[in-house]
Amino acid sequence: MRVFDLHCDTLAELNQAARAGAPKSFASNDRMVDLQRMRAANYGLQCFACFVDLAAPADPLVTVLEEADLFHRLLEQYPQDLYWVRSAADLDALDANGRIGAMLTVEEGGVCKGSLSVLRDLYRLGVRMMTLTWNHQNELASPNVSPDYKEDPWPCAPDTTHGLTPLGRDFVAEMERLHMIVDVAHLSDAGIYDLLRVARRPFAASHSNARACCDHLRNLPDDMLVQMGERGCLVGLNFCAAFLDPSPDRHHLKSRVEDMARHARHIMDVGGEDILALGSDFDGIGGDLEIAGAQDMPRLAEGLCAAGLTPRQVDKIFWHNARRFFAENL
């Protein structure tokens, strides 16, 4: 089964290791994603997120530029293995050249500091998808967390009041003009409903699950999934235990294939079979994980089939839905 993963935080992990004076190799390392394991697991394309925490002491724009620079250095270091994907034509070439596609994304629209010029510069660097927020309010929109944010806000009502700002709407319009995918992972409910009203192009939730299966703020409610499915949007199944496991004991959560299958069936039942892809969140999650890194992707495919999804459905989740979405929208 060929793998197309919409989200990992590997660039941030590698960049932090280098900053700490203990650099790690992308060829093989002790994180969740490396080239050796991607090859073994039949990866076709990985979206590499430049992750930035606005509350960190470092300048967020410098951090995103460091991570983008790292992405480009990896492309230079492994030219026989990685292929830079920026367009539908690149996807076509990827099918023929046997390399692993690498797409650059950003997780935190606040790195633009409210400047459309910075957004356009990120596009020139190759960024093809960006979340409008992470877990902090920024100039563009509000995230779906409580003001006293903790790692697992549960239970907590979603934010149905604070959505896109006027500047956020301008950013959406410019991202659509550029064909940079708007990513609503982490965005408030109000922000996603705003986007459903103003968006002219399909958008993505790169790493989010179904709220009906696990009542977490980061997951998407059914009415949202219906509208996103009707609009040709894409949802990446997140492997984080907090978004999969509905147990009220939030201190002993587990990420299991059976829960991934439950979320997958529900999302496809509600939003249609074309809506679902993979959004592992590798190198951004931890804990008790049955699928603990790139090496386990074949095990996930087998587990989804064993749980009752058809091989055709699993193939769509693993590759074809994301491949079609980006071919149509880049």
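Structural notes, computed from the coordinates. Predicted model, so just to flag it, every value in this text is computed and none were measured.

Rules used in this analysis
Residues numbered from 1 in each chain as written. Predicted model: local features only at pLDDT ≥ 70, side-chain atom pairs only at ≥ 80, totals over all residues. Heavy atoms only, no water. Phe/Tyr/Trp six-rings, centres within 6.5 Å; stacked < 30°, edge-to-face > 60°. Helix = DSSP H or I, 4+ residues; strand = E, 2+ residues; numbered from the N terminus. Buried < 20%, exposed > 50% of the residue type's maximum accessible area, 1.4 Å probe, protein only. Lys NZ or Arg CZ within 6 Å of the ring centre and 35° of its normal. 1 Å grid on protein atoms, 1.4 Å probe; cavity = no way out; pocket = protein on both sides within 12 Å on 5 of 7 lines; lining within 4 Å. Points joined across faces, edges and corners; volume = space filled by probe spheres on them. Nonpolar A, V, L, I, M, F, W, Y, C, P; charged D, E, K, R; others polar. Salt bridge = Lys/Arg side-chain N within 4 Å of Asp/Glu carboxyl O. Core = buried A, V, L, I, M, F, W, Y, C linked by side-chain atoms within 4.5 Å. Contact = heavy atoms within 4.5 Å.

Some points on the packing of aromatic side chains
(1) Moving on: A full pass over the atoms with the stated rule returns eight aromatic pairs.
(2) Moving on: Taken together, a centroid distance of 5.5 Å and an interplanar angle of 55° make the contact between F4 and W319 tilted. With F4 in strand 1 (residues 3-8) and W319 in helix 12 (residues 311-329), this residue pair connects regions lying 315 residues apart in the sequence.
(3) Moving on: The class for F4 is buried, based on a relative accessible area of 0%.
(4) Moving on: You can call W319 buried: its relative accessible area is 5%.
(5) Moving on: Members of the aromatic cluster, each reached through a chain of ring pairs, are F4, W319, F325 and F326.
(6) Moving on: The cationic tip of R2 hangs over the ring face of W319; the distance from NZ or CZ to the ring centre is 4.1 Å.

Thoughts on unusual backbone geometry
(1) Moving on: In this structure, N42 takes a positive phi of about 65° despite not being glycine.
(2) Moving on: Within the secondary structure, N42 sits in the loop between helix 2 (35-40) and strand 2 (43-51).

Focus on empty space enclosed by the protein
(1) Moving on: Tallied over the full model, the rule gives three cavities of 30 Å³ or more.
(2) Moving on: Volume-wise, the largest cavity comes out at about 70 Å³.
(3) Moving on: If you trace the largest cavity, you find 13 residues lining it, with E176, M180, V182, R201 and P202 closest to the centre.
(4) Moving on: Sorting the residues of the lining of the largest cavity by element identifies helix 6 (166-178) and strand 6 (181-183) as the ones contributing at least two each.
(5) Moving on: The residue inventory of the lining of the largest cavity, partitioned by class, reads nine nonpolar, two polar and two charged.

Focus on the pattern of salt bridges
It is possible for side chains of opposite charge to pair when their charged atoms get near one another.
(1) Moving on: With the rule as written, the count across this model stands at 24 salt bridges.
(2) Moving on: For the salt bridge of D95 with R323, the shortest nitrogen-to-oxygen distance reads 2.8 Å. Pair noted here: D95 is in helix 4 (residues 88-97) and R323 is in helix 12, with a separation of 228 residues, a long-range link.
(3) Moving on: Under the relative-accessibility criterion, D95 is labelled partly exposed at 41%.

Let's talk about the nonpolar core
(1) Moving on: F26, M228, M297, L300 and F318 are the most contacted members of the largest nonpolar core, which totals 89 residues.
(2) Moving on: The contacts of M228, once residues within four sequence positions are left out, are L196, F203, A205, L220, C233, L234, V235 and I275.
(3) Moving on: L45, L94, W319 and A322 belong to the second largest nonpolar core, which has 19 residues in total.

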